[in-house]
Amino acid sequence: MSDKLINDVKEVFINNYKTKPLLIFSPGRINIIGEHTDYNDGYVFPAAVDKGIAAAIQKTDANISSAFALDMDSKLEFDLDGLKPSTEGSWENYILGVVAEIQNQNNVIGNFNIVFKGNIPSGAGMSSSAALENSVVFGLNELFNLGLTKHEMILISQKAEHNYVGVKCGIMDQYASMFGIENNALHLDCRSISSKPYEINFENHQLMLINTNVKHSLSDSAYNDRRSVCENISELLGVKALRDATEKNLETLVDKVTPANYQKALYVIQENKRTLDAIDAIQKNDLKALGKLIYQSHEGLSTQYKVSCDELDFLVAQARNNDFVLGARLMGGGFGGCTINLIQKDKAKAFAKTVSLAYKTKFDKDCSVYFIKLSGGTHLVK
Ligand code: GLA
């Protein structure tokens, strides 16, 4: 967690509202494997990181509420009654959505002010949006003694994303951000919404992220389209979700769905299995096997599920050319954002240098390299 981030929001809050706020840090997440499986009731393997959103929040006697996005120097004032979504793609929907969904569940809140700032770029596939939603619901729960459990809070964050942001996301991001544990990744079952932590200590290896700096916009229909394809195929198979299907089941539909949609469903079924295999590999400390699964995940995301882009494919190809990278793949929703790389520790800096140069030469723009620490979930900062 960044102390600077917390101090920044605190200072601005006190200057603006002359009162002491509650301070909250809500992390972004990585995902080791299990992509686009969460909304198929499947398995994922994310972890909260030491980067995310800091928020300062407090009640006000004013008859209006406000939210101040420090990064963008943009302020929103709103009435708690009659909330509706703002322009598509605006940060305002994360705040308005959470407030509306809290109220939809018969929770009574009063007016408040919030100032927030982040240190993960939006659109990097590290869930700055879930971090923001969680910080708002967590803060309001504290301020107005709503008595919400963490499970209830993440479902509110997810509903905000569905109904205000317009992305029919799964539960992975909100869960990882809220329930993160230092030095652990969470093997999350997205059907029961319960997880088992695994301590991540790769000894001579580490995880490294490379941001294409291509901003993905999940609210464009591509994400929701993928979800519909999966739901349609589940229905044809007569199962609740693709998590319940096998490759054999899917074969019965080979003449009934388009080849492209067939591949998408096949990807999900295979990725779900890969996630379980990855847990196995980690338990056996078999990093080579884990790396192989990570590469396969990318292959599937790119060629079957079709959520990659040239920049992501290029970064993964660079990783494949380097003997010290055991696995690499796109992370998050896709269409841009980061790759996650499992790399030998003492070779990471050199790889970062080579890949940055190659990326610049190829695309005439910069990529960014992040080294992250697995951290705790959304919490109050004393
Ligand atoms: C986004 C969504 C998640 C998940 C991933 C893909 O991050 O918010 O729910 O579906 O994409 O795994």
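See above for the structure.
Attention here is on the structure that accompanies the text. (Residues numbered from 1 in each chain as written. Predicted model: local features only at pLDDT ≥ 70, side-chain atom pairs only at ≥ 80, totals over all residues. Heavy atoms only, no water.)

## Looking at the packing of aromatic side chains
The geometry of two aromatic rings is summed up by the distance between their centres and the angle between their planes. Under the criterion given, the structure shown has ten aromatic pairs. Summarising the aromatic geometry, the rings of Phe 45 and Tyr 198 are spaced 6.0 Å apart at their centres and angled 85° between planes, so their arrangement reads as edge-to-face. Note that Phe 45 is positioned in the loop between β2 (43-44) and β3 (46-59) and Tyr 198 in strand β8 (residues 194-199), a separation of 153 residues in sequence. Grouping residues by exposure puts Phe 45 and Tyr 198 together as buried. A ring pair is formed by Tyr 267 and Tyr 305, whose centres lie 4.9 Å apart and whose planes are at 35°; its orientation type is tilted. Residue Tyr 267 is found in helix α8 (residues 259-283), and its partner Tyr 305 is found in the loop between α9 (287-304) and α10 (310-320); the two are separated by 38 residues along the sequence. For Tyr 267, a relative accessible area of 0% translates into the label buried. Members of the aromatic cluster, joined through ring pairs, are Phe 314, Tyr 359 and Phe 363. In this arrangement the basic side chain of Lys 347 is found over the ring face of Phe 324, its NZ or CZ atom lying 4.7 Å from the centre. The ring of Phe 363 carries the charged tip of Lys 362 above its face, separated from the ring centre by 5.9 Å. (Phe/Tyr/Trp six-rings, centres within 6.5 Å; stacked < 30°, edge-to-face > 60°. Helix = DSSP H or I, 4+ residues; strand = E, 2+ residues; numbered from the N terminus. Buried < 20%, exposed > 50% of the residue type's maximum accessible area, 1.4 Å probe, protein only. Lys NZ or Arg CZ within 6 Å of the ring centre and 35° of its normal.)

## Some points on the sheet that holds β3
Pairing is mixed across the open sheet formed by six strands, whose spatial order is β5-β4-β6-β3-β1-β13. Edge positions in the sheet fall to β5 (74-78) and β13 (379-380), since each of these pairs with one other strand and no more. Pairing analysis gives seven bridges linking β3 to strand β6 (residues 112-118), with the strands arranged antiparallel. The residue bridging Ile 53 from the neighbouring strand is Gly 118, located in β6. The strands touched by helix α5 (residues 172-179) within the sheet are β1 (22-31) and β3, with β1 carrying the most contacts at an inclination of about 125°. (Pairing = 2+ DSSP bridges. Contact = heavy atoms within 4.5 Å. Axes fitted to C-alpha atoms, helices over the stretch in contact; angles between N-to-C directions.)

## Thoughts on the site of the ligand
In the neighbourhood of the ligand, 13 residues make up the surrounding shell, with Glu 35, His 36, Asp 38, Asp 173 and Tyr 223 lying closest. A distance of 2.7 Å separates an oxygen atom of the ligand from a polar side-chain atom of Glu 35. Contact between the ligand and Asp 173: an oxygen atom at 2.6 Å from a side-chain N or O atom of the residue. When the free accessible area of the ligand is taken as 310 Å², the share hidden by the protein chains comes to 97%. When its residues are assigned to classes, the shell around the ligand shows five nonpolar, four polar and four charged. Built from parts of two domains, the shell around the ligand gets at least three residues from each of domain 1 (3-199 + 376-380) and domain 2 (205-371). (Near = heavy atom within 4 Å. Polar contact = N/O pair within 3.5 Å; in protein donor to acceptor, adjacent residues only side chain to side chain. Areas by Shrake-Rupley, 256 points an atom, 1.4 Å probe, with all protein chains shown as cover. Nonpolar A, V, L, I, M, F, W, Y, C, P; charged D, E, K, R; others polar. Domains from an automatic or database assignment.)

## Re the nonpolar core
Phe 78, Ile 109, Phe 112, Leu 140, Ile 233 and Leu 250 are the most contacted members of the largest nonpolar core, which totals 73 residues. In this structure, this core is formed jointly by two domains, domain 1 (3-199 + 376-380) and domain 2 (205-371), each of which donates at least three residues. Once you skip the residues sitting within four places of it in the chain, Phe 78 turns out to touch Ile 64, Ser 65, Ser 66, Ala 67, Leu 83, Ile 95, Leu 96, Val 99 and Phe 112. Among the nonpolar cores identified, the runner-up in size contains 31 residues, and Ala 124, Leu 207, Ala 278 and Ile 294 belong to it. (Core = buried A, V, L, I, M, F, W, Y, C linked by side-chain atoms within 4.5 Å.)

## What to know about the sheet that holds strand β9 (residues 205-211)
Strand order in the open sheet made by the four strands is β10-β11-β9-β12, with antiparallel pairing throughout. Single-partner strands in this sheet number two, and they are β10 (325-330) and β12 (368-371). Strand-to-strand, the axes of this sheet are offset by a mean angle of 25°, without reference to chain direction. Here β10 runs beside strand β11 (residues 338-344); their pairing, made up of five bridges, is antiparallel. For Arg 329, the partnering residue across the bridge sits in β11 and is Ile 340. Across the sheet, α9 touches β9, β10 and β11, and the angle it forms with β10 is around 30°.

## A look at the packing of α10 against helix α11 (residues 348-363)
Following both chains from N to C, one finds α10 and α11 inclined at 140°, their axes separated by 11 Å at the closest point. One element, α10, and the other, α11, form an angle in the oblique class. The handedness of the crossing between α10 and α11 is right-handed. Of the residues in α11, those touching α10 at Asp 310, Glu 311, Phe 314, Leu 315, Gln 318 and Ala 319 are Phe 351, Val 355, Ala 358, Tyr 359, Lys 362 and Phe 363. Counted by class, the contact of α10 with α11 contains eight nonpolar, one polar and three charged residues. (Parallel < 35°, antiparallel > 145°, perpendicular 65-115°, else oblique. Left-handed = near helix turned anticlockwise from the far one by under 90°.)

Note that every value here comes from positions in space, so none of it alone points to a role or purpose.
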